[in-house]
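Chain residues, written in single-letter form:
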Amino acid sequence: MPTEQPLHPRPQLARERWTDLTGTWDFAYDDADRGLAERWQDRPECFDQKITVPFPPESSASGIGDPAPHTVLWYRRTFRIRAKERADGGVPKRFLLHFGAIDYRARVWVNGFLVCEHEGGHTPLKADITSALVAGEGDQTIVVRAEDQATDLTQPRGKQFWEEEP
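Just so it is clear, the structure is predicted and the values come from calculations on it, not from any experiment.

What follows is about the nonpolar core. Judged by nonpolar contacts, the single largest core of 27 residues is most densely connected at Tyr75, Val108 and Ile142. Counting only elements with at least two residues in this core, the list comes to β1 (23–29), β2 (49–53), β3 (72–80), β6 (96–99), β7 (105–110), β9 (125–128) and β10 (139–147). Those residues within four positions of tyrosine 75 in sequence are excluded, and the remaining contacts are Trp25, Asp26, Phe27, Phe47, Ile51, Val53, Pro57, Ile142, Val143, Val144 and Ala146. Core analysis: the next-biggest nonpolar cluster, separate from the first, contains 8 residues, Ala28, Cys46, Trp109 and Val143 among them.

This brings us to the pairing of β3. Among the 9 residues of β3, 7 are classified as buried, and the element is accordingly described as predominantly covered. Pairing analysis gives 4 bridges linking β1 to β3, with the strands arranged antiparallel. Each residue of the ladder has a partner; that of aspartate 26, found in β3, is arginine 76. Pairing analysis gives 9 bridges linking β3 to β10, with the strands arranged antiparallel. Within β10, the residue paired with tyrosine 75 across the bridge is valine 144.

What follows deals with the packing of aromatic side chains. Under the criterion given, the structure shown has 4 aromatic pairs. For the pair phenylalanine 27 and tyrosine 29, a centre-to-centre distance of 5.0 Å together with 80° between the ring planes defines the contact as edge-to-face. Classification of phenylalanine 27 as buried rests on a relative accessible area of 0%. Using a relative accessible area of 16% as the deciding quantity, one classes tyrosine 29 as buried. Where phenylalanine 27 meets tyrosine 75, the ring centres are 5.2 Å apart and the plane angle is 65°; that geometry is what we call edge-to-face. On the criterion of sequence distance, the pair formed by phenylalanine 27 in strand β1 and tyrosine 75 in strand β3 is long-range, its members being 48 residues apart. Here phenylalanine 27 matches tyrosine 75 in class, with each residue buried. Taken together through their ring pairs, the aromatic side chains of Phe27, Tyr29 and Tyr75 make up a single cluster.

The rules we used
- Residues numbered from 1 in each chain as written.
- Predicted model: local features only at pLDDT ≥ 70, side-chain atom pairs only at ≥ 80, totals over all residues.
- Heavy atoms only, no water.
- Core = buried A, V, L, I, M, F, W, Y, C linked by side-chain atoms within 4.5 Å.
- Buried < 20%, exposed > 50% of the residue type's maximum accessible area, 1.4 Å probe, protein only.
- Helix = DSSP H or I, 4+ residues; strand = E, 2+ residues; numbered from the N terminus.
- Contact = heavy atoms within 4.5 Å.
- Pairing = 2+ DSSP bridges.
- Phe/Tyr/Trp six-rings, centres within 6.5 Å; stacked < 30°, edge-to-face > 60°.

Encoded structure:
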């Protein structure tokens, strides 16, 4: 009889309180690479699709299933932090945001504040987002811009291939 896999990606490192942000995110292609200049990190109306994370948009499991190459992708998700999660015995807690990987260059904003930049699609990244959080129990917003130049042969690759036929 198969055993159910734990939700946490590294169960041996699971903390008592953590939130899994996989699932439905707002999503947009930015083929013209306008998003930075137009500040899409502050504009929810720019996200015209939904995607299921952690699946890439090329996968049908993502809900998109578009195999065409797209250089720049944007993701947006809101979540809440309850007041009781903010302090333990009066000691403020730190909030860390972890990604297993984002292909290839990434920028991450929380509530409009750039919290990290990363290069290396095959490596994890994390950011302390405590100072970017909105006070109280309001919505918190994460925005991710991912850039992957499919034809850049100097960029390290895993299983991805840049030509139509591998």
